[in-house]
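Each chain is listed here by its residues.
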Amino acid sequence: MTSKFQQRTAALLDIIPDEYDGALIISQVNGCYFTGFNCDNGYLVATKNGCVYITDSRYTEAAQKAIDWCDVVEYSDMKKTAGEIVERLAIKNLLVESSRMTLKQYCNMADAFEPAFLSEEGDLDSLIDTLRVCKDAEEISMIKAAQAITEQSFKHVCGLIHEGVTEAELAFEFEFYARRMGAERLAFDSIVASGENGSMPHAVPGRRRIKKGDFITFDIGTVVGGYHSDMTRTVALGKVSDEQREVYNIVLKAQQAAIDYLMAGGGDLAECDASARDVIKKAGYGEYFGHSTGHGVGLEIHEFPSVSFRGGTIPVGAVITVEPGIYLPGRFGVRIENMMYKTANGAVNLTNLDRDLIEL
């Protein structure tokens, strides 16, 4: 039976321009997508004449167990091994991931694969993006599992918020609890930003101690089966001011506008971005929302597509975030984020937590 990884590789070969023999995949994340084997020193040579996975002695046995649909070759001298593969598969040229390799890596690989030519001009990265963006049922299941752990861990941490606790302590508690619940790792370094630190969208949790009246923004996520979740919630310790409540409700209204757009079947990235951004602009806070409304999520925490003014079509099967925010420098910030799964007729909300303002 053909594995899904073999099917993915075949799908890539189908869309590679005819003038190329195939592709050389060197990035860990794309290697995992096409083989199911997560390795920091593996190279997939995928051609119309056959496929070979190259790795070193540290990973050979594990790779052979994981990849059963193509040859797994161990190398000690990459130039010798690559040369043998070029000759065996009659390779004249290969596309490479130009955005995922350094100049030094390209030079080393180009030398190793001579006389075959490695080309960065065929936009292999975009071809792979078109495949990875459409999540299948198993991928969605992993994202949902990661999100369930994220939500459970967030609830746990909310119960630990009190005057005097630090941002860093809350971030640590989130990670500890999430791992106990089965997370492989964090999806990214958690953001816990309180009070005036909340005005920085990517603030680093520090030693600031939580005070009464603070907004506390949690931007958090976990990984299950290699797939990421991403969620942001802003809560308060004690009662908030009228201004804080107003800003929170504006952000919530903006997020709901983008979600409604997707639920109704909207499929344009720029329109989705504008649906949230226009709400914030009309409320007089446009200059305090500088980042895009969202991004793709999957094997990476930030992947294609970007929900921004640059536009484009939201592919059916994509998982994207909707995360507008308002950030008042030196005072406070609010961001609310859900993950949405684009379907043929609308969208499915993958985030289950309520978004009403929580005053602890």
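This write-up is about the structure you can find in this document. Small disclaimer: the values here were computed from a predicted structure and weren't measured. (Residues numbered from 1 in each chain as written. Predicted model: local features only at pLDDT ≥ 70, side-chain atom pairs only at ≥ 80, totals over all residues. Heavy atoms only, no water.)

Here's the deal with the pattern of salt bridges
Where charged atoms of side chains with opposite charge meet at close range, the side chains can pair.
In step 1: Under the counting rule described, the total for this entry stands at 23 salt bridges.
In step 2: When the shortest N-O distance is used, the salt bridge between Lys 79 and Glu 114 registers 4.0 Å. Taken as a pair, Lys 79 in helix H4 (residues 78–88) and Glu 114 in the loop between helix H5 (103–112) and strand S6 (117–119) lie far apart in primary sequence, 35 residues in all.
In step 3: As a salt-bridge pair, Arg 245 and Glu 359 come within 2.8 Å of each other at their nearest N and O atoms. Linking Arg 245 in helix H9 (residues 242–263) with Glu 359 in the segment after strand S19 (347–349), this pair joins segments that are 114 residues apart in sequence.
In step 4: For Arg 245, a relative accessible area of 33% translates into the label partly exposed.
In step 5: Take Glu 359: its relative accessible area is 26%, and that puts it in the partly exposed class.
In step 6: Several salt bridges converge on common partners, so that one network encompasses Arg 100, Arg 132, Lys 135, Glu 300 and Glu 303. (Salt bridge = Lys/Arg side-chain N within 4 Å of Asp/Glu carboxyl O. Helix = DSSP H or I, 4+ residues; strand = E, 2+ residues; numbered from the N terminus. Buried < 20%, exposed > 50% of the residue type's maximum accessible area, 1.4 Å probe, protein only.)

Digging into H4
In step 1: Of all the residues in H4, the buried ones are Met 78, Thr 81, Ala 82, Ile 85 and Val 86. Along the long axis of H4, the arc covered by the buried residues comes to 135 degrees, so they all point the same way. More than 90 degrees from the buried face of H4, the exposed residues found are Lys 80 and Glu 87.
In step 2: In this fold, the buried residues of H4 make contact with strand S2 (42–47), strand S3 (50–55), strand S4 (71–74) and H5.
In step 3: For H4, the N-terminal capping position is held by Asp 77, with its side-chain oxygen 3.1 Å away from the main-chain nitrogen of Lys 79.
In step 4: Of the residues trailing H4, Ala 90 is marked for its positive phi of about 50 degrees. (Arc of directions from axis to C-beta. Contact = heavy atoms within 4.5 Å. Polar contact = N/O pair within 3.5 Å; in protein donor to acceptor, adjacent residues only side chain to side chain.)

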